[in-house]
2 protein chains.
Amino acid sequence: MPELAYLNGKIMPIEEARVPIEDRGYQFADAVYEYFASYKGKLFAVKEHLDRLEKSLRALEFPPISRELLRDAVLGTFQQAGIDRAGVYLQISRGVAPRNHAFPNGAKPQIVITVRQVPDTSREYLEKGIAAITVTDIRWGRCDIKTVQLLPNVLAKQQALSAGVQDAIFVSPEGIVREGTSSNLFIAIGGRLKTHPLTPHILPGITRAVLLDICRKINVHVEEVFFDNNTMLAAEEVFITGTVTEVLSVCRIDGRTIGAGKPGPMAARLRKELEACAGAHL
Amino acid sequence: MPELAYLNGKIMPIEEARVPIEDRGYQFADAVYEYFASYKGKLFAVKEHLDRLEKSLRALEFPPISRELLRDAVLGTFQQAGIDRAGVYLQISRGVAPRNHAFPNGAKPQIVITVRQVPDTSREYLEKGIAAITVTDIRWGRCDIKTVQLLPNVLAKQQALSAGVQDAIFVSPEGIVREGTSSNLFIAIGGRLKTHPLTPHILPGITRAVLLDICRKINVHVEEVFFDNNTMLAAEEVFITGTVTEVLSVCRIDGRTIGAGKPGPMAARLRKELEACAGAHL
């Protein structure tokens, strides 16, 4: 079960995969990505991830890339790695060209994949929830496109770790709660949920969409609405959602206890439903 | 006079220089850069660029890197290339590590340099000025740090080219004029200049700083103040400034003619003074 890389058609050990220094992903953050996870040897929501990837590619006006090529690359590398619980990272940059802001003529998009073991979410975090800080969202205005412009996410995550907590929550300058550094965010109040609507300021998470579907099926009411920091702090539950995160309760924010201070019934229920859904999907 | 790359201590042809796909510059835009230009075989303002680079490195909490090592790398690669009018691009990423937002433990910053011939600014643009569009600034909130988070700059530049003009000018959502896609911006009104003050929303340009010094010496009054789009459109002159751009008049913005519709006396004077300064610096 080796961890593997794919680079423009070839599979190799990750350490051997290298890209030219004038790859525009390296010099301009001119690249998009997706992250797939597998459960018991099967990748989850491949179609949804490829759909979002195509949207990202179109938003940046990349030249067309065959969906079959991308799907085969992802599935082929994943299968060759043979890791049951794998994280498959796929990145596509606009290509390689002498440094110049304008789109290069005739550059060929570079396709890179890594397949690595996904570390299990710590049992402690699942049982006790995590703590987070809020940070002002200084990311660019197109967080709906899944690009590698992730430096503010990196800095916010590190700020959280330095503060002794596990994650940071982006809040707009006006006080609207947006999302985590690599996850969407929900709050529960009176058995109902709220989450930020899809705007250019948040990522349209696959797990978020799957959970909205699940909530419709199990009759849990979800509003996609703006809510502020005080509303979040007063909620009964806060949880973040993502491909690796799945559903994870946030029980302390900026030093204040959320609800009962431990993972609540809504997060537990949704986590269970999501796992059932990932299982059924296989 | 070959174009050359430097990669962590070794000099080689640019095409041969490659970085691991898990370089954080590639996956997170977790990298900073500088761009030096030479005049008649001598690099200009090396100290100023290295000073700014150190500020960028500190702002992102990179581990300390010897200034002598960086200066020697820049000068050594430049000298070996032997190009009179060279652009020296220096990029430093946080290092290589399995993908994870948090700062990696013990990762070693990757140092990459390219030395390329600088294309001369088109005679037509010098004689007639350029045209530009304005675009809403959707960049992140720390444009004062010179990072590779340049995708919005790329998209704005391309939008300008698609509109048949040469550059785009970032204007804040409130209408404050900030800077170009790779340059600062000045306007002239009644023999006096205005330029955006140093805030987290613009790059503290080296050429901008040199010009402010020159203006003090030649008694041209400059105000570092906010001004809006209408003020810019009503100015007698608008010009952008940068390491390669030097001083370049913008004579049409969003289809409206600026001043007399051709490069004005202030831009011409400052361009001449800047060239004299670059010459004197040698």
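Rules used in this analysis
Residues numbered from 1 in each chain as written. Chains lettered and ligands numbered in written order. Predicted model: local features only at pLDDT ≥ 70, side-chain atom pairs only at ≥ 80, totals over all residues. Heavy atoms only, no water. Contact = heavy atoms within 4.5 Å. Buried area = accessible area lost by both parts, 1.4 Å probe. Salt bridge = Lys/Arg side-chain N within 4 Å of Asp/Glu carboxyl O. Helix = DSSP H or I, 4+ residues; strand = E, 2+ residues; numbered from the N terminus. Expected span 1.5 Å × (residues − 1). Buried < 20%, exposed > 50% of the residue type's maximum accessible area, 1.4 Å probe, protein only. Arc of directions from axis to C-beta. pLDDT = per-residue confidence, 0-100. Least-squares fit on C-alpha atoms with pLDDT ≥ 70 in both. Pairing = 2+ DSSP bridges. Axes fitted to C-alpha atoms, helices over the stretch in contact; angles between N-to-C directions.

### Details of the interface of chain A and chain B
Contacts between the two partners involve 51 residues from chain A, matched on the other side by 51 residues from chain B. For the pair chain A and chain B, the summed buried area comes to about 4400 Å², and 66% of that belongs to carbon and sulfur atoms. Connecting chain A to chain B are two salt bridges. A salt bridge links Glu22 of chain B to Arg116 of chain A, with the shortest nitrogen-to-oxygen separation between them at 2.7 Å. Of all the secondary structure elements, the ones that give two or more residues to the side of chain A that touches chain B are strand 3 (18-20), helix 1 (24-28), strand 6 (86-93), strand 7 (110-117) and helix 5 (151-162) of chain A.

### Thoughts on helix 8 (residues 265-280) of chain B
Side chains that are three or four residues apart share a direction in an α-helix, a result of its 3.6 residues per turn. Residue and element names in this part refer to chain B. For helix 8, which comprises 16 residues, the first-to-last C-alpha distance of 22 Å matches the rise-based estimate of 22 Å (1.5 Å per residue) to within 8%. Listing the buried residues of helix 8 in full gives Met266, Ala267, Leu270, Arg271, Leu274 and Ala278. When helix 8 is viewed along its axis, its buried side chains cluster within an angular range of 130 degrees and face the same direction. What points out from helix 8, more than 90 degrees from its buried face, is the exposed set Pro265, Lys272 and Ala280.

### Description of the confidence of the model for chain A
Taken as a whole, chain A shows an average pLDDT of 96; of its residues, 99% reach a score of 70 or greater. Both scores are available for the predicted complex, with the pTM at 0.97 and the ipTM at 0.97.

### As for the relation of the copies chain A and chain B
If you rotate chain A by 180 degrees and push it 0.0 Å along the axis, it lands on chain B with an RMSD of 0.0 Å. Here the copies are linked by what is in effect a two-fold axis. When you check the interface residues of chain A against chain B, 100% turn up at the interface there too, and the contact is symmetric in its surfaces.

### A short note on the pairing of strand 15 (residues 246-253) of chain A
All names here are of chain A. Within strand 15, seven of the eight residues are buried, leaving the element largely enclosed by the surrounding structure. Summarising the sheet, strand 8 (residues 130-136) and strand 15 pair through three bridges and their orientation is parallel. Bridge assignment links Ala132 to a residue of strand 15, and that residue is Ile253. In this structure, strand 14 (residues 237-242) lies alongside strand 15, joined through four bridges in antiparallel fashion. Bridge assignment links Gly242 to a residue of strand 15, and that residue is Glu246. Connecting strand 14 to the antiparallel partner strand 15 that follows it, the hairpin turn spans three residues.

### Examining the pattern of salt bridges
For the coordinates displayed, the defined rule picks out 38 salt bridges over all chains. A salt bridge links Asp30 of chain B to Arg24 of chain B; the shortest N-O distance between them is 2.9 Å. Within the structure, one salt-bridge network assembled from shared partners comprises Lys47, Asp51, Glu54 and Arg67 of chain A.

### Points about the sheet that holds strand 7 (residues 110-117) of chain B
Strand pairing in a sheet relies on backbone hydrogen bonds, with the paired strands running either antiparallel or parallel. All names here are of chain B. Taken in spatial order, the six strands make up an open sheet running 2-1-7-6-4-5, and their pairing is antiparallel. Among the strands making up the open sheet, the edge pair consists of strand 2 (10-13) and strand 5 (42-43). Relative to strand 2, strand 1 (residues 4-7) runs antiparallel, the two sharing four bridges. Counterpart to Leu7 in the pairing with strand 2 is Lys10. Helix 2 (residues 46-59) contacts strand 4 (31-39), strand 5 and strand 6 (86-93) of the sheet and is inclined by roughly 175 degrees relative to strand 4. Its contacts with the sheet place helix 3 (residues 67-81) against strand 1, strand 2, strand 4, strand 5, strand 6 and strand 7, and it is angled at close to 30 degrees to strand 7.

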